[in-house]
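A look at the structure
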Amino acid sequence: MPAIATLLATTAAAALLSGCSGEVHVGSTTPKLSADKLADTVAEKLAATTGRPEPQITCPEDLEGKVGTTTRCTLTADDGSTLGVSVTVTSVEGTQINFDIKADDQVSTN
């Protein structure tokens, strides 16, 4: 199966993941999850949901722990095709940031 088809098939089952979370310890009043930790967490959740190896995920910015905050990460397949992944903060409990992950329906072409 071509990488683009595999990418679509594996993320279709994981189009919306609820209840993901990351925890950070910060000195400020608003917790943040680093871009690297966010990418790791998204990759782990997608792999757990699809039963496939962790995909390559990159996130351009830290995720601020405020309900409703969103960021866009990118899933990159072996053939270079990409799929956007939206991350939205659903709640914050102390230093724990809870968020939903939603993969795009369409692969981006480079």
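This write-up is about the structure you can find in this document. (Residues numbered from 1 in each chain as written. Predicted model: local features only at pLDDT ≥ 70, side-chain atom pairs only at ≥ 80, totals over all residues. Heavy atoms only, no water.)

This paragraph deals with the overall build of the chain. Tallying secondary structure elements over the chain gives two helices and seven strands in all. From first element to last, N terminus to C terminus, the chain shows the α and β order α-β-β-α-β-β-β-β-β. Buried residues in the chain amount to 36% of all 110 residues. Taking the intrachain contacts of the chain between residues at least 6 apart in sequence as the baseline, contacts between residues at least 24 apart amount to 55%. Accessible surface, the chain: about 5,900 Å² in total, of which carbon and sulfur atoms supply 47%. (Helix = DSSP H or I, 4+ residues; strand = E, 2+ residues; numbered from the N terminus. Buried < 20%, exposed > 50% of the residue type's maximum accessible area, 1.4 Å probe, protein only. Contact = heavy atoms within 4.5 Å. Areas by Shrake-Rupley, 256 points an atom, 1.4 Å probe, with all protein chains shown as cover.)

This paragraph deals with a negative patch on the surface. Together, Asp36, Asp40, Glu44, Glu54, Glu61 and Asp62 make up a negatively charged patch on the protein surface. Tracing the backbone through its elements, the reader meets aspartate 36 in helix α2 (residues 35–50). (Patch = residues over 30% accessible without salt bridge, like charges linked within 9 Å, V, L, I, M, F, W, Y side chains within 5 Å. Salt bridge = Lys/Arg side-chain N within 4 Å of Asp/Glu carboxyl O. Lys, Arg positive; Asp, Glu negative; His and termini not counted. Charge placed at Lys NZ, Arg CZ, Asp CG, Glu CD.)

Turning our attention to the pattern of salt bridges. Summed over the entire model, instances satisfying the criterion amount to three salt bridges. Here aspartate 104 and arginine 72 are joined by a salt bridge, their closest N and O atoms 2.7 Å apart. Here aspartate 104 is found in the segment after β7 (96–103), whereas its partner arginine 72 is found in strand β5 (residues 70–76), with 32 residues between them in sequence. Residue class for aspartate 104 comes out partly exposed when judged on its relative accessible area of 25%.

A separate point is the nonpolar core. Core analysis: the biggest nonpolar cluster contains 21 residues, and Leu38, Val42, Ile57, Leu63 and Phe99 have the highest contact counts within it. For this core, the secondary structure elements donating two or more residues are α2, β5, β6 (82–93) and β7. Ranked by the residues each element gives to this core, the list is headed by α2, at six residues. Look past the residues within four positions of leucine 63 in its chain and what remains in contact with it is Pro31, Lys32, Leu33, Leu38, Thr69, Thr71, Val87, Val89, Ile97 and Phe99. (Core = buried A, V, L, I, M, F, W, Y, C linked by side-chain atoms within 4.5 Å.)

Mapped onto the secondary structure, serine 81 falls in the loop between β5 and β6. A distance of 2.6 Å separates the side chain of serine 81 from the side chain of aspartate 79, its partner in a polar contact. (Polar contact = N/O pair within 3.5 Å; in protein donor to acceptor, adjacent residues only side chain to side chain.)

Within the secondary structure layout, aspartate 40 lies in helix α2. Each C-alpha atom of the pair aspartate 40 and glutamine 56 lies 8.8 Å from the other, and the pair is 16 residues apart in sequence.

Now for the pairing of β6. Where β5 and β6 come together, seven bridges link them in antiparallel fashion. Residue pairing for β6: leucine 75 is matched across the bridge by leucine 83. The turn joining β5 and β6, which pair antiparallel and follow one another in sequence, is formed by five residues; a positive phi near 90° is taken by glycine 80. What sits between β6 and β7 in their antiparallel hairpin is a turn of two residues, with glycine 94 showing a positive phi close to 65°. (Pairing = 2+ DSSP bridges.)

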